Amino acid sequence: GGGKEAGEGCLALRILKQFRWVDYLEEEELFVERVLESLGVCPPSLQRDVILMLPEIVSDAVHDLVVEHLQDYLGSHAVAVADAFGSLSMSPSAKATVRDKVIQTLDSSSVADLPVLVRFLVVSASSAEAYGDVVDAIRRTI
């Protein structure tokens, strides 16, 4: 039942949290792929917690992989994904792509989620043109 799932989720989180202290993983990309694959079968609350934890346990070398996979969770965990995106390094083109996807989620997001999403959009805009585009998109969408 719910208690067993909660206990398993807590154990999984405790194990993942230990990876914050690991300086080097031999096959980090494989590790990250397995964690991201397992997200699909986790309960929603554990998905959210793992998404929020990912930036703390992965190195910069796999940030692109994490960003690519987390985009799939924008619909169900927009706030957690936006928070994670804010802690991951991205190329300017990846930032633009992610920004566009976050903008697409604004109209279906709850009012309580909007501050985090708008903050991510503003912080991720790196040029005057991008700021203008973000503000225009927010005005059109909200």
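Residues numbered from 1 in each chain as written. Predicted model: local features only at pLDDT ≥ 70, side-chain atom pairs only at ≥ 80, totals over all residues. Heavy atoms only, no water.

Taking 1.5 Å of rise per residue, 15 residues should cover 21 Å, and helix 6 (residues 92–106) covers 21 Å from first to last C-alpha, within 8% of that figure. Those residues of helix 6 that are buried lie in contact with helix 4 (63–70), helix 5 (78–86), helix 7 (114–124) and helix 8 (128–141). (Helix = DSSP H or I, 4+ residues; strand = E, 2+ residues; numbered from the N terminus. Expected span 1.5 Å × (residues − 1). Contact = heavy atoms within 4.5 Å.)

Leu 54, Leu 70 and Phe 85 are the most contacted members of the largest nonpolar core, which totals 44 residues. Contributing elements (two or more residues each) for this core: helix 1 (2–17), helix 2 (28–39), helix 3 (44–57), helix 4, helix 5, helix 6, helix 7 and helix 8. Beyond its immediate chain neighbours, meaning those up to four positions away, Leu 54 contacts Val 35, Leu 36, Val 66 and Leu 70. (Core = buried A, V, L, I, M, F, W, Y, C linked by side-chain atoms within 4.5 Å. Buried < 20%, exposed > 50% of the residue type's maximum accessible area, 1.4 Å probe, protein only.)

Attention now goes to the pattern of salt bridges. Under the counting rule described, the total for this entry stands at 3 salt bridges. In this structure, the salt-bridge partner of Arg 34 is Glu 37, at a minimum N-O distance of 3.3 Å. Of this pair, Arg 34 and Glu 37 both sit in helix 2, 3 residues apart, which is roughly one turn of that helix. What makes Arg 34 partly exposed here is its relative accessible area of 46%. Exposure remark for Glu 37: the relative accessible area of 53% places this residue in the exposed category. Two residues, Asp 49 and Arg 48, come together in a salt bridge whose shortest N-O distance is 3.2 Å. For Asp 49, a relative accessible area of 24% gives the class partly exposed. We classify Arg 48 as partly exposed; its relative accessible area is 40%. (Salt bridge = Lys/Arg side-chain N within 4 Å of Asp/Glu carboxyl O.)

This part takes up helix 8. Taking 1.5 Å of rise per residue, 14 residues should cover 20 Å, and helix 8 covers 20 Å from first to last C-alpha, within 8% of that figure. The complete set of buried residues in helix 8 reads Ala 130, Val 134, Ala 137 and Ile 138. Relative to the axis of helix 8, the buried residues are bounded by an arc of 100° and lie together on one face. Every exposed residue of helix 8 that faces more than 90 degrees away from the buried side is listed here: Ala 128, Glu 129, Arg 139 and Arg 140. Of the surrounding secondary structure, the elements contacted by the buried residues of helix 8 are helix 6 and helix 7. (Arc of directions from axis to C-beta.)

What follows covers the packing of helix 6 against helix 7. It is the contact of helix 6 with helix 7, at a shortest axis distance of 10 Å, that shows an interaxial angle of 155°. Between helix 6 and helix 7, the angle falls in the class roughly antiparallel. Like other packed secondary-structure pairs, helix 6 and helix 7 cross with a definite hand, here left-handed. In this structure, helix 6 uses Lys 95, Val 98, Arg 99, Val 102, Ile 103, Thr 105 and Leu 106 to contact helix 7, whose residues at the interface are Leu 114, Leu 117, Phe 120, Leu 121 and Ser 124. Of the residues assigned to the contact of helix 6 with helix 7, the class counts are 8 nonpolar, 2 polar and 2 charged. (Axes fitted to C-alpha atoms, helices over the stretch in contact; angles between N-to-C directions. Parallel < 35°, antiparallel > 145°, perpendicular 65-115°, else oblique. Left-handed = near helix turned anticlockwise from the far one by under 90°. Nonpolar A, V, L, I, M, F, W, Y, C, P; charged D, E, K, R; others polar.)

On to the packing of aromatic side chains, then. Counted according to the given criterion, the structure contains 2 aromatic pairs. Where Phe 19 meets Phe 31, the ring centres are 4.5 Å apart and the plane angle is 35°; that geometry is what we call tilted. On the criterion of sequence distance, the pair formed by Phe 19 in the loop between helix 1 and helix 2 and Phe 31 in helix 2 is long-range, its members being 12 residues apart. A ring pair is formed by Phe 85 and Phe 120, whose centres lie 6.0 Å apart and whose planes are at 45°; its orientation type is tilted. (Phe/Tyr/Trp six-rings, centres within 6.5 Å; stacked < 30°, edge-to-face > 60°.)

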